[in-house]
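Letter by letter, the chains look like this.
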Amino acid sequence: MTMTDRGNYDSVLDWDGFPGRWEITRSTADTDGELLEMRFEIETVPEDGPFVHTHPHAEERYEVVSGVLEVYVDGKWMDVSAGEEHVVPPGTPHTFRNKTPVEIINIHEPALQHEEFFRRFHRLVTERGVSLPPEGFKDIVLLAMLTTEHEEDIYAVSPPHWVFRILTVLGRILGYRLPD
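Everything quoted here is computed from the prediction, not taken from an experiment.

1. Side note on the overall build of the protein
- Along the backbone of the protein there are three helices and eleven strands.
- Secondary structure elements in the protein, listed N-terminal to C-terminal, are β-β-β-β-β-β-β-β-β-β-α-α-β-α.
- Against the 2.2 N^0.38 benchmark of 16 Å for 180 residues, the protein shows a C-alpha radius of gyration of 16 Å, consistent with a compact globule.
- Counting only C-alpha atoms and orienting by the principal axes, one finds that the protein spans roughly 50 × 45 × 30 Å.
- For the protein, the share of sequence-separated contacts (at least 6 apart) that also reach a separation of at least 24 residues comes to 65%.
- If you sum the accessible surface of the protein, you get close to 9,100 Å²; carbon and sulfur atoms cover 51% of it.
- Across the protein, 16 positive and 33 negative side-chain charges occur, with their mean positions spaced 5 Å apart.

Put into structure tokens, the structure is as follows:
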């Protein structure tokens, strides 16, 4: 984790490519756990987006500042344009993508451990070299391990979560470790 000289964690998570530059605008600590708010600047997201998932105990909201974000909910893709927002209720399978640059405000409410998940995810990519989308077996296993450790925050739907659990056991057997 990168610390600023004030002793606080950096607010910017720059992925040096996909999925872009993320700035934590209201952290879990700032809101006493009420929510986590981030500003995403994303050039493009691969055709199918991140794996379809749910947030079992949190609502996720996308507020589009510029561009068009495509959100997948209930088996269909919908466009959310600049000035619009879309709310994904807890437990609803979803993902997102964009074909052109987009800037969004992303909110998870309540915050739970989403910030820790995203910071660890960022370290996997920037410090451990995990590719996005994952290209090799080790990348897939490490992402499955992280998701499984945070299944109260994010729960895989497609591929099914049980696949992530099997990959997690395999990763532990192989000695793979996640960043703290």
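Alright, that's what it looks like, and here's the rest.
2. Topic: the sheet that holds strand β5 (residues 59-66)
- The sheet built from six strands is open, its strands ordered β1-β2-β3-β10-β5-β8 with antiparallel pairing. What marks the edges here is a single partner per strand, and that holds for β1 (12-14) and β8 (85-88). The sheet shows a mean angle of 20° between the axes of neighbouring strands, direction not considered.
- One ladder, built from three bridges, connects β1 with strand β2 (residues 21-26); its direction is antiparallel. Within the sheet, the bridge partner assigned to Leu-13 lies in β2 and is Trp-22.
- The sheet contacts of helix α1 (residues 114-126) involve β1, β2, β3 (36-42) and β10 (102-109), and relative to β1 the element is tilted by about 35°.

Cut-offs applied
- Residues numbered from 1 in each chain as written.
- Predicted model: local features only at pLDDT ≥ 70, side-chain atom pairs only at ≥ 80, totals over all residues.
- Heavy atoms only, no water.
- Helix = DSSP H or I, 4+ residues; strand = E, 2+ residues; numbered from the N terminus.
- Rg over C-alpha atoms; globule rule 2.2 N^0.38 Å.
- Contact = heavy atoms within 4.5 Å.
- Areas by Shrake-Rupley, 256 points an atom, 1.4 Å probe, with all protein chains shown as cover.
- Lys, Arg positive; Asp, Glu negative; His and termini not counted.
- Charge placed at Lys NZ, Arg CZ, Asp CG, Glu CD.
- Pairing = 2+ DSSP bridges.
- Axes fitted to C-alpha atoms, helices over the stretch in contact; angles between N-to-C directions.

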